[in-house]
Amino acid sequence: DRAALAKIEPERSELTDPISPRTPAEEILAGIWSEVLGVERIGVNDDFFGLSGHSLLATRVVAQVREAFGVEIPLRRLFERATLGELARDIEALAVPGAAPAAPAIVPVPRDRPIPASFYQEFGYRTPDVSKNSIPFSLRLRGKLDIPALRCTLDALVRRHESLRTFFREENGEVFQEIAPPAERPLPVIDLLALPEERRAGVLYQLAADHADQAFDLERGPLLLFQLVRLSEEDHGLLLNIHHIISDGWSIAVLQRELTVLYGAFATSRPSPLPPLPIQFADFAGWQRELHAGEALASQLAWWTRTLADPPPSPALPRGLPRPAVLGPRTLAAEMVIPGESAAALRTLARSNGCTVSMLLLTAANALLHHHSGEEDLIINTIFSARNRPELAGLVGLLMNTIPVRVDLSGRPTFRTLLHRVRDAVLAGYSRQEVPFPRILAELFPGRPFSRTLLSGINFNFLSFGEAGVGPSPPAIPGGLQATPFAAAEEVAKQDLLFNCRDTGDAIRCQLVGAADLFLPEGMAALAADLEDLLKRAAASLDEPLSHRLAGPG
């Protein structure tokens with residue numbers, strides 16, 4: 001629609017000068033931005049964050065620059081040189097003989113020797129109650145289902161991803177991966193046709209809950225379980241449960257997409273259209289261990305131990321209950337939503353301060369905890385996908401990391417001051433993200449048992465798998481089969497409080513998930529309301545002291 005496009009272009013030119021790329025570096029970088037941002041035309045003076053970029057996409061740009069130019073640019077540089085022309089000039093200055101080499105490529109490791117677990121896998125292996133630390137997901141399949149094609153699809157997924165046939169063993173204090181050879185596995189089918197029709201959906205949800213609650217044997221496997229439930233000839237439930245030690249949220253998006261693509265091919269007697277994977281997760285784990293065996297990351301690890309020395313205790317959480325000796329698994333949740341124009345105003349606010357929406361929300365989380373606890377030294381663990389290399393995008397595996405963000409809230413700062421403190425802390429941490437969180441914990445607390453709340457009981461998550469490079473939306477399934485997720489498992493308490501945030505484009509949503517042993521339902525709802533109030537007040541004025549932003553501690 002060229003007429004509509006013409007109306008859009010002037011709006012953009014008010015902010016940017018549409019000068020076309022002039023040098024090879026500018027042209028290559030423009031191509032990277034275009035792919036990452038989904039914007040067809042990139043000008044020399046276009047601002048990365050003005051085109052809806054954010055820190056997760058920024059890490060992809062850094063990875064692709066490494067791939068294209070053979071140079072390593074700090075993530076901070078993208079925030080400081082946000083226009084394409086400025087960043088291209090910095091890249092040109094770095095891409096000269098004698099420049100520091102990029103990190104070594106990830107290459108396949110030999111399979112004829114023990115393969116170490118990744119640092120996060122070792123951390124997960126030693127965590128209490130590890131047998132039930134899983135990611136269940138279920139799909140309702142409506143339409144004519146080709147069960148033999150579904151069996152072939154599941155076998156193909158297990159054959160394609162070594163992680164799905166991996167289990168673990170410990171030897172002399174070290175944890176190793178064991179990769180089983182590909183083998184066909186039966187697809188158990190539970191038939192509910194004998195039940196009255198009105199009872200079948202309820203039974204399906206109960207079966208999904210039971211399936212999600214199964215314990216895993218990490219030393220024998222399998223660590224991927226699946227089951228099919230037949231409600232009628234054209235209505236089925238596919239139950240899957242995968243242990244967290246071989247998977248993460250991004251992996252679930254990969255699996256769902258590949259399941260759709262493979263089933264569509266096999267149901268129409270076509271071969272798999274998926275290209276071979278360049279590496280497997282075991283190759284990443286071997287690369288990670290080798291990287292940390294030398295001195296390459298010693299300075300990064302030393303920076304973390306200095307930054308996190310003498311960590312403060314987790315803040316006393318407001319509107320809650322006395323802490324028991326052991327937290328139970330149940331959670332409570334409350335959500336707040338910033339819609340439409342208000343969300344757009346927050347995005348503009350973040351960009352105008354050289355920040356991302358994620359940084360703005362993390363600032364609000366810090367302000368909320370400071371207001372209710374009075375603490376001026378806070379650590380919030382930010383969770384992110386560690387797939388900062390193109391070859392990791394399509395892998396199934398535990399490819400996540402955690403960056404502890406320590407923020408100083410002393411001196412009655414304004415929201416603007418705190419936003420800049422958070423921005424600096426996040427950028428400093430992201431520039432040292434090659435150090436896995438478990439290594440930081442081992443250095444800070446030598447000899448202490450592994451615990452998810454060893455450093456801080458507060459987590460912050462801002463992941464959007466739709467923007468995470470998984471690929472386009474899955475194609476329609478042949479034969480009119482519709483696949484929709486259902487029966488999301490209840491969140492298991494892994495920390496005191498989780499800020500689970502995402503920007504959906506039409507709204508900014510934040511779900512607060514707290515351990516049920518620490519919160520009353522009305523307390524969780526009040527916290528969510530306070531967070532919303534903080535963001536609205538920030539949009540109205542960034543320069544009001546934080547102490548004036550809420551009516552009073554709860």
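Computed from a predicted model, the values in this text were never measured in an experiment.

Draft legend 1. Quick peek at the side chain of T166. Assignment of secondary structure puts T166 in strand 3 (residues 166-171). T166 gets classed as buried once you look at its relative accessible area, which sits at 3%. From its side chain, T166 meets the backbone oxygen of E162 in a polar contact 2.7 Å long. With sequence-adjacent residues up to four places away left out, T166 is seen in contact with Q177, E178, I179, L223 and I246.

Draft legend 2. View of the packing of helix 7 (residues 147-160) against helix 9 (residues 249-266). The contact between helix 7 and helix 9 brings their axes to 9 Å, and the two run at 130°. In terms of their interaxial angle, helix 7 and helix 9 are classed as oblique. Helix 9 is crossed by helix 7, and the crossing has right-handed handedness. Packed against helix 7, whose contacting residues are A149, L150, C152, T153, L154, A156, L157 and R160, the element helix 9 presents L255, E258, L259, L262, Y263 and F266 at the interface. Looking at the contact of helix 7 with helix 9 residue by residue, the class counts come to eleven nonpolar, one polar and two charged.

Draft legend 3. Main features of helix 10 (residues 281-293). The end-to-end C-alpha distance of helix 10, which contains 13 residues, comes to 18 Å, matching closely the 18 Å that a straight helix rising 1.5 Å per residue would cover. Where burial is concerned, most of helix 10 is hidden: ten out of the 13 residues are buried. Buried residues along helix 10 sit against strand 1 (115-116), helix 6 (119-125), strand 4 (174-179) and helix 15 (437-444).

Draft legend 4. Geometry of the sheet that holds strand 3. Overall, antiparallel pairing links the three strands, which are arranged 1-4-3 in an open sheet. Here the strands that pair on one side only, and so sit at the sheet edges, are strand 1 and strand 3. Across two bridges, the pairing between strand 1 and strand 4 is antiparallel. When the bridges of strand 4 are listed, P116 appears paired with F176.

Draft legend 5. The pairing of strand 2 (residues 134-142), seen in detail. Along strand 2, seven of the nine residues are buried, which leaves the element largely enclosed by surrounding structure. Judged from the nine bridges that link them, strand 2 and strand 7 (residues 235-243) form a sheet pairing that is antiparallel. If you follow R142 over to strand 7, its bridge partner there is D235. In the sheet, strand 2 pairs with strand 12 (residues 482-486) via five bridges, with the strands oriented antiparallel. Note on strand 12: the bridge partner recorded for S138 is F486.

Draft legend 6. Geometry of the environment of E197. One can find E197 in helix 8 (residues 197-212). As a C-alpha pair, E197 and S232 span 35 residues in sequence and 8.7 Å in three-dimensional space.

Draft legend 7. Region of the structure containing the nonpolar core. In terms of nonpolar packing, the biggest core is built from 102 residues, with W33, F48, V65, L361, L497 and F499 touching the most fellow members. With ten residues, the single largest contributor to this core is helix 13 (residues 357-373). Residues in contact with F48, not counting those within four places in the same chain, are W33, L37, G53, H54, L57, A58, V61, L78 and A82. By size, the runner-up hydrophobic cluster in this structure holds 43 residues, among which are F137, L141, Y263 and L274.

Draft legend 8. Spatial organisation of the sheet that holds strand 10 (residues 400-408). Across the sheet, which stays open at both edges, the six strands sit in the order 8-14-13-11-9-10 with mixed pairing between neighbours. A single partner strand is all that each edge strand has here, and the edge strands are strand 8 (331-339) and strand 10. For this sheet, the mean angle separating the axes of adjacent strands, direction not counted, is 20°. Taken together, the nine bridges between strand 8 and strand 14 (residues 507-515) define a ladder with antiparallel strand orientation. Opposite A334, over in strand 14, you have L512 as the bridge partner. Each of strand 9 (377-385) and strand 10 touches helix 14 (residues 415-430); the most contacted strand, strand 10, lies at about 145° to it. Against the sheet, helix 16 (residues 521-540) touches strand 8, strand 13 (497-503) and strand 14, its axis set at about 25° to strand 8.

Draft legend 9. Layout of unusual backbone geometry. With omega at -5°, the peptide bond leading from G221 into P222 counts as cis. Its location among the elements puts P222 in the loop between helix 8 and strand 6 (224-232). Of note, the phi angle at S52 is positive, near 70°, even though the residue is not glycine. By the element assignment, S52 lies in the loop between helix 2 (24-37) and helix 3 (55-69). Accessibility expressed as a relative area gives 51% for S52, which makes it exposed. Phi is positive for D310, close to 50°, though the residue is something other than glycine. Positionally, D310 belongs in the loop between helix 11 (298-307) and strand 8. On the basis of relative accessibility, which here comes to 71%, the residue D310 falls in the exposed class.

The rules behind these values
- Residues numbered from 1 in each chain as written.
- Predicted model: local features only at pLDDT ≥ 70, side-chain atom pairs only at ≥ 80, totals over all residues.
- Heavy atoms only, no water.
- Helix = DSSP H or I, 4+ residues; strand = E, 2+ residues; numbered from the N terminus.
- Buried < 20%, exposed > 50% of the residue type's maximum accessible area, 1.4 Å probe, protein only.
- Polar contact = N/O pair within 3.5 Å; in protein donor to acceptor, adjacent residues only side chain to side chain.
- Contact = heavy atoms within 4.5 Å.
- Axes fitted to C-alpha atoms, helices over the stretch in contact; angles between N-to-C directions.
- Parallel < 35°, antiparallel > 145°, perpendicular 65-115°, else oblique.
- Left-handed = near helix turned anticlockwise from the far one by under 90°.
- Nonpolar A, V, L, I, M, F, W, Y, C, P; charged D, E, K, R; others polar.
- Expected span 1.5 Å × (residues − 1).
- Pairing = 2+ DSSP bridges.
- Core = buried A, V, L, I, M, F, W, Y, C linked by side-chain atoms within 4.5 Å.

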